[in-house]
Amino acid sequence: LYYMASGPLFAVLKSLAYEDLAARSLRLIPLLAGLGQIELCHRIMRLVFPRRPDLQSLGIVIGGLLPMNLYISQYAGNEAPAGFLSALTILLLFSMMGSRNTLWRAAVLTGAVWGLALLTKATAILLAAPVMLVLLVVNAREDDRRAGMKRLFIGAAILFGAAFLISGWYYLRNWLELGRPFIGGWDTARGISWWQDPGYRTPGHFLTFGQALWYPV
């Protein structure tokens, strides 16, 4: 989604002989996404801690100073937009937990935003577990168990259906063209050779340090 949105702007600026400006324009969406994540952090903290302005302020400070967010928001790429859309999905999930009357409308909106996140980066699929958990919590409030299960099924169908309508075509295309729906940046099928050492995946990685000092890039 990031490349689809940035491509036309880049093409127009480049056609006008503003090549340097065109290259810089690719950073615009990640920058706005990084700023948006700080705002979403504030809104989520207000929902979770409505009577604690001190914790809300602390959340803004932490969200605004996350090193990775500061880093990726300065470069062209889909990481920051995916983070923004994933955070917006989480905000909408919290909103669903506080509302009962507009559950179906909220499910459509949440599914659509989640679909955009999936269209930006495949790692947004990890939100599937929190999505189901929120739906279980929302529908567990029903006094009638059968009615609660029905609402759960319908809500999940609407939410996941909306996400599939937005992003499903991309993963179906991957499946048809590449043989599987999810292709990671590390996949050998892409023909990219990674030189980085894997970081912090085994106990030994946590017990040793200093390799970057002895063998810098």
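Residues numbered from 1 in each chain as written. Predicted model: local features only at pLDDT ≥ 70, side-chain atom pairs only at ≥ 80, totals over all residues. Heavy atoms only, no water.

On to the pattern of salt bridges. Overall, the coordinates contain four salt bridges when judged by the stated rule. Of the charged contacts in the structure, one is a salt bridge between arginine 43 and glutamate 39, with a shortest N-O distance of 2.8 Å. One end of the pair is arginine 43 and the other is glutamate 39, both in helix α3 (residues 28-48) and four residues apart, which spans about a single turn. (Salt bridge = Lys/Arg side-chain N within 4 Å of Asp/Glu carboxyl O. Helix = DSSP H or I, 4+ residues; strand = E, 2+ residues; numbered from the N terminus.)

Let us now look at helix α1 (residues 2-15). With 14 residues, α1 extends 20 Å from end C-alpha to end C-alpha; this agrees with the ideal 20 Å at 1.5 Å per step. Among the residues making up α1, those that are buried are Tyr2, Ser6 and Leu13. Buried residues of α1, viewed axially, fall in a sector of 35 degrees; they line one side. Residues of α1 that are exposed and point over 90 degrees away from its buried face: Met4 and Ser15. Here the buried face of α1 lies against α2 (19-25), α3 and α6 (79-97). Phi turns positive one or two residues past the end of α1, at alanine 17, with a value near 70 degrees. (Expected span 1.5 Å × (residues − 1). Buried < 20%, exposed > 50% of the residue type's maximum accessible area, 1.4 Å probe, protein only. Arc of directions from axis to C-beta. Contact = heavy atoms within 4.5 Å.)

Turning next to α3. Along an α-helix, a turn takes 3.6 residues, which lines up residues three or four apart on a common side. For α3, which comprises 21 residues, the first-to-last C-alpha distance of 30 Å matches the rise-based estimate of 30 Å (1.5 Å per residue) to within 8%. Among the residues making up α3, those that are buried are Pro30, Ala33, Gly34, Gly36, Gln37, Leu40, His42, Ile44 and Met45. As for α3, its buried residues are in contact with α1, α4 (53-64), α5 (67-72) and α6.

The next subject is the side chain of threonine 89. Assignment of secondary structure puts threonine 89 in helix α6. If near-sequence neighbours (up to four positions away) are discounted, threonine 89 is found in contact with Thr110, Val113, Trp114 and Leu127.

Let us now look at the nonpolar core. One finds Met96, Trp114, Leu118, Val131, Leu135 and Leu159 to be the most contacted residues of the largest nonpolar core, which totals 22 residues. For this core, the element with the highest residue contribution is helix α7 (residues 103-120), accounting for seven residues. Setting aside its immediate chain neighbours within four residues, valine 131 contacts Leu93, Trp114, Leu159 and Phe160. (Core = buried A, V, L, I, M, F, W, Y, C linked by side-chain atoms within 4.5 Å.)

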